[in-house]
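Residue-level listing of the chains:
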Amino acid sequence: MKTFIESSLAHTRTVLLIVVLLLISGVAAYVNIPKESNPDITIPQVYISIHYEGVSPEDSDRLLVKPVVKELRSLDGLKEIKSTATQGHASIILEFEIDIDIDKALQDVRERVDIAKADIPNEADEPVIKEINLALFPVIVVALSGDIDERLLFSLAKDLQDRLESIPGVLEAKIKGDREELAEIIVDPLLMESYNVSQDALYNLVSRNNQIVTAGTLDTGKGRFAVKVPGVFETAEDILNLPIKVDGDKVIKFKDIAYGSRTYKDPTSYARVNGKPAVTLEISKRLGSNIIEINDAVKQLLEKIKPNLPKEVNVSFMQDESTYIRNMLSDLVNNVFAAILLVMIIIIAALGVRSATLVGIAIPGSFFTGILVLSLLGFTMNVVVLFGLIMSVGMLVDGAIVVTEYAERRMSEGLNKVAAYHEAAKRMSWPIIASTATTLAVFMPLLFWPDITGEFMKFLPITVSFILIASLVMALIVVPTIGALIGRPAFLTTETRELHHAIEIGDFKNLKGITGRYVKLLQQCLKKPWLAVISAIATLIFVWLSYSFFGKGLEFFPEIEPDIAIVEIRSRGDFSIDERDELVRKVEEKILPMAEIKSVYTTTITDTKQQTTNDVIGIIQIEFVDWTERRKANLILDEITKKTAKISGIIVQSEGKQGGPTQGADIQIQLSGSNDDELLATVKLIKALLESTDDIIDVSADTPLPGIEWQILVDREKASRYGADIALLGANVRLVTNGLNIGSYRPDDTDDEVDIRVRYPYYARNVDQFDRMRVTVNDNQVPISQFINKVPMPKRGEVKRVDGNRAYTIQANVAKNSNVTVDQKIKELQGKLKIPATVSPKFRGDFEKQDTASNFLMNAFGVAIFIMGIILVTQFNSFYQAFLILTAVIFST
């Protein structure tokens, strides 16, 4: 090592050029490195979605989930399988071990699903398989809102989508709030019966007349001609003009029994921005792209096209990640300048201006070198990297201070500046290396942090390690090189000269000032060493005991002041989408006038997502104004709760955006087992326990909601006598409900296929219609009331499974103004829970991750101490000296 230092110091010009190159390259890397709020981490999860319109949750679980899960269970590295079967849909989430190759896992999943497709009904849509990637989450949301025709709003959104996706770095602009187009044909049931037209005839009519005919070419010997038979529908009129039956000389066309037009599927959700009907475009970026540049480009594009939009359309931006990133970068720059300023002041006071300048060079040099390495390795500038950079500011100047101070002292003793700095670099090299290595030893075990939390936090040890290694180079190579050029003996204060003189003669009695007081205290301790040691140990024990009694407890990630909050509106009942929206509007109207809220994005829903409970009917996303211009978010959310408390029939629950890799409610208890009745009974007991426990609020569970569903029970024997069957009945029932899909076509004005759906008029879409309905069998009209029975049954909710077992989750939050932590409350609950042997309980969410992280960090702490001991023994070749130094870690903790 000393040979390398000597060689470097002998080539001063080379070192200076390398430093200039590193600084310029580091600055360029800082400007160009992709910037984002959270790290691009790989979540080892794969999502499978299968759509089968109209199928019940039980049949979705039996026909869609079970065949797929059966094939997936034996996948290598599979950690857990979660499935949810709902009305017309099934979703499966596969979680793999953190070290799995997600690309290979994705390929294996596709192969297994292809095998399982043989056991899935042919009517089901093609399964959609994709990786869950945080990088694909929106970096900015563009909202188009206004009181205009929804068709125009959707058209504007689709046109804007194409423009946005042409921006470099934009991966996708996903439209939310629109509805799929539909060619809806409304048939009159009485006319169908009078003309004796069956639904089979309609289906065959469309399918046989909506085809591409490959007629080929005709070679006559005197020419060669292409032959075409145009047969594909292009407009809704083409469908309505189809002849469906010939009655004597009269040709009955589709339009004689029906009317139709291009429209949209029935709404399953409503979206509004600031109270106006809206469509949003969620912009996601490509991996490695710069969020600031992308969001600026999106805003510039919208500024250009705004004059061409209708006056009624408002354009707004939400969830702009670039604002948060700019603030973080500003904080970094401020911290760096503050650190340099403080270091300069301290070093100037101790060693003088010239020494302070040398030490100050180490800070930007280490920073930009570290950022350059991060950029070359493909990392991004995110919140964890910035935290690592800021945290390392106080550690990277230690080596430079040691080298500079030693050189200054040697120069004050008469040595020339070149020899002084060369000697300082060589003499202090191993102590500085050992000091840096012991610091790195603390961070290196964090690279092996398991689970998603480890993937999120690994950027911290990587960043700190690169910065500290760069600071080592600065201290042993760059600072001595520059010091040998500009160094001079520092001006020694009277106190410093007195200290040097006292060291030379070994007499410290006449020392004054801070140094004198310190020396006197040290002398007293050295006279009675055991008393000093016992006092230190007693203090240590006192501190530990005090923390155990008065400490605030454990917390997975600290609470942050959020800029976004979510308000969930919950209600129970068989509400239509319009009835749900009426309830959600009442909450929205209470929030809109509040001046401290920047934007309000409201969504009324009928189908809940996996992270919400079944009784959620609406979600309102609130974006606050800047935190310097408002009260704390908790106070604003408390006010919203109070304002909405008098609205009957609903429960309003609000929560601010969480920091770090946190998710969901504070308390999440998952119960799984094979006996559904026993599971539901246990859920009821635990829910009652939580509701009666102090400081616990927002208790909910994903159990089935109260309600009814109609079952059409078919007497198969009677039906067979009439020549009817389940398939025939089902197709006719669909005419009353969502409509019967009889084909699709592709109009010229759209890139997507449009379904052709036949259904009864609105007045005939009710339960009583089943008693009046007739089916055509062998050209005879048969009332289906002859072989069916309508039975109202308790509504069955979605079917959730974990690793094949039925599962329910109970969620709750700990009150923000309580004096207990989530960790303390969960441990209290663990002692109270009484779970049957057939039910398997598991605390999920942050508590599960916190438990894993705590165990790992305790082990990592032990490993770090052991590695530090090895380094110190190597440095001093003494167990005693190593132990003496390591006691500083214990007492500092």
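To start, this report covers the structure provided alongside it. (Residues numbered from 1 in each chain as written. Predicted model: local features only at pLDDT ≥ 70, side-chain atom pairs only at ≥ 80, totals over all residues. Heavy atoms only, no water.)

## Overview of the overall build of the chain
The cut-off we apply is this: Secondary structure elements are defined from DSSP: runs of H or I of at least 4 residues count as helices, runs of E of at least 2 residues count as strands, and each element is numbered from the N terminus. Relative accessibility thresholds used throughout: buried, under 20% of the residue-type maximum; exposed, over 50%; partly exposed, between the two (1.4 Å probe, protein chains only). Contacts between residues were defined by any pair of non-hydrogen atoms, one from each residue, lying within 4.5 Å. For the accessible areas, the method is Shrake-Rupley and the probe is 1.4 Å, while residue cover comes only from the protein chains on display. In this tally Asp and Glu are treated as negative and Lys and Arg as positive; neither His nor the chain ends contributes. Where a charge sits is defined by one atom per residue type, namely NZ (Lys), CZ (Arg), CG (Asp) or CD (Glu).
The helix and strand inventory of the chain stands at 29 helices and 30 strands. Based on the C-alpha atoms only, the size of the chain along its principal axes is roughly 130 × 80 × 55 Å. For the chain, buried positions account for 45% of its 893 residues. In the chain, the proportion of contacts linking residues at least 24 apart, taken out of those at least 6 apart, comes to 77%. A total accessible area of about 46,900 Å² is found for the chain, and carbon and sulfur atoms account for 56% of it. Counting 96 positive and 114 negative side-chain charges, the chain places the centres of these two groups 5 Å from one another.

## Re empty space enclosed by the protein
Note the following rule: The definitions used throughout rest on a 1 Å grid laid over the protein atoms alone, on which a cavity is an enclosed set of points accommodating a 1.4 Å probe that cannot get out and a pocket is an open set flanked by protein within 12 Å on both sides along at least five of seven lines; lining residues are those having an atom within 4 Å of a point. Grid points are joined across faces, edges and corners, and a volume is the space filled by probe spheres set on the points. For this classification, Asp, Glu, Lys and Arg are treated as charged, while Ala, Val, Leu, Ile, Met, Phe, Trp, Tyr, Cys and Pro are nonpolar and the rest, including Gly, are polar.
This model, assessed by the stated rule, comprises three cavities of 30 Å³ or more. Every residue lining the largest cavity is counted, 13 residues in all, and those nearest its centre are Met192, Val197, Asn732, Arg774 and Thr776. Of all the secondary structure elements, the ones that give two or more residues to the lining of the largest cavity are helix 6 (189-194), helix 25 (726-736) and strand 25 (774-777). Among the residues making up the lining of the largest cavity, the classes are represented as six nonpolar, five polar and two charged. A volume near 50 Å³ is recorded for the second largest cavity. Glu58, Pro704, Arg796, Gly797, Glu798, Val799, Arg806 and Tyr808 are the residues that line the second largest cavity. Along the lines of polarity and charge, the residues of the lining of the second largest cavity split into three nonpolar, one polar and four charged.

## Remarks on the sheet that holds strand 23 (residues 740-745)
We apply this condition: For two strands to be treated as a pair, DSSP must find at least two bridges joining them. Angles here are taken between N-to-C directions and fall from 0 to 180 degrees, while the axes themselves are lines fitted to C-alpha atoms, restricted in helices to the stretch in contact.
Overall, mixed pairing links the four strands, which are arranged 12-7-24-23 in an open sheet. Each having just a single partner strand, strand 12 (258-264) and strand 23 make up the two edges of the open sheet. The sheet shows a mean angle of 25 degrees between the axes of neighbouring strands, taken without regard to direction. One ladder, built from five bridges, connects strand 7 (residues 181-187) with strand 24 (residues 754-759); its direction is parallel.

## Focus: the packing of aromatic side chains
Note the threshold: To pair, rings of Phe, Tyr and Trp, with the six-membered ring standing in for Trp, must have centres within 6.5 Å; the planes then decide the type, stacked if under 30 degrees apart, edge-to-face if over 60, and tilted in the middle. Here, a charge over a ring is recorded when the distance from Lys NZ or Arg CZ to the ring centre is within 6 Å and its angle to the ring normal is within 35 degrees.
A full pass over the atoms with the stated rule returns five aromatic pairs. Lying across the ring of tyrosine 30, lysine 35 places its NZ or CZ 5.7 Å from the centre. The ring centre of phenylalanine 459 lies 5.7 Å from the NZ or CZ of lysine 458, which sits over that ring.

Keep in mind these numbers describe shape, not what the thing actually does.
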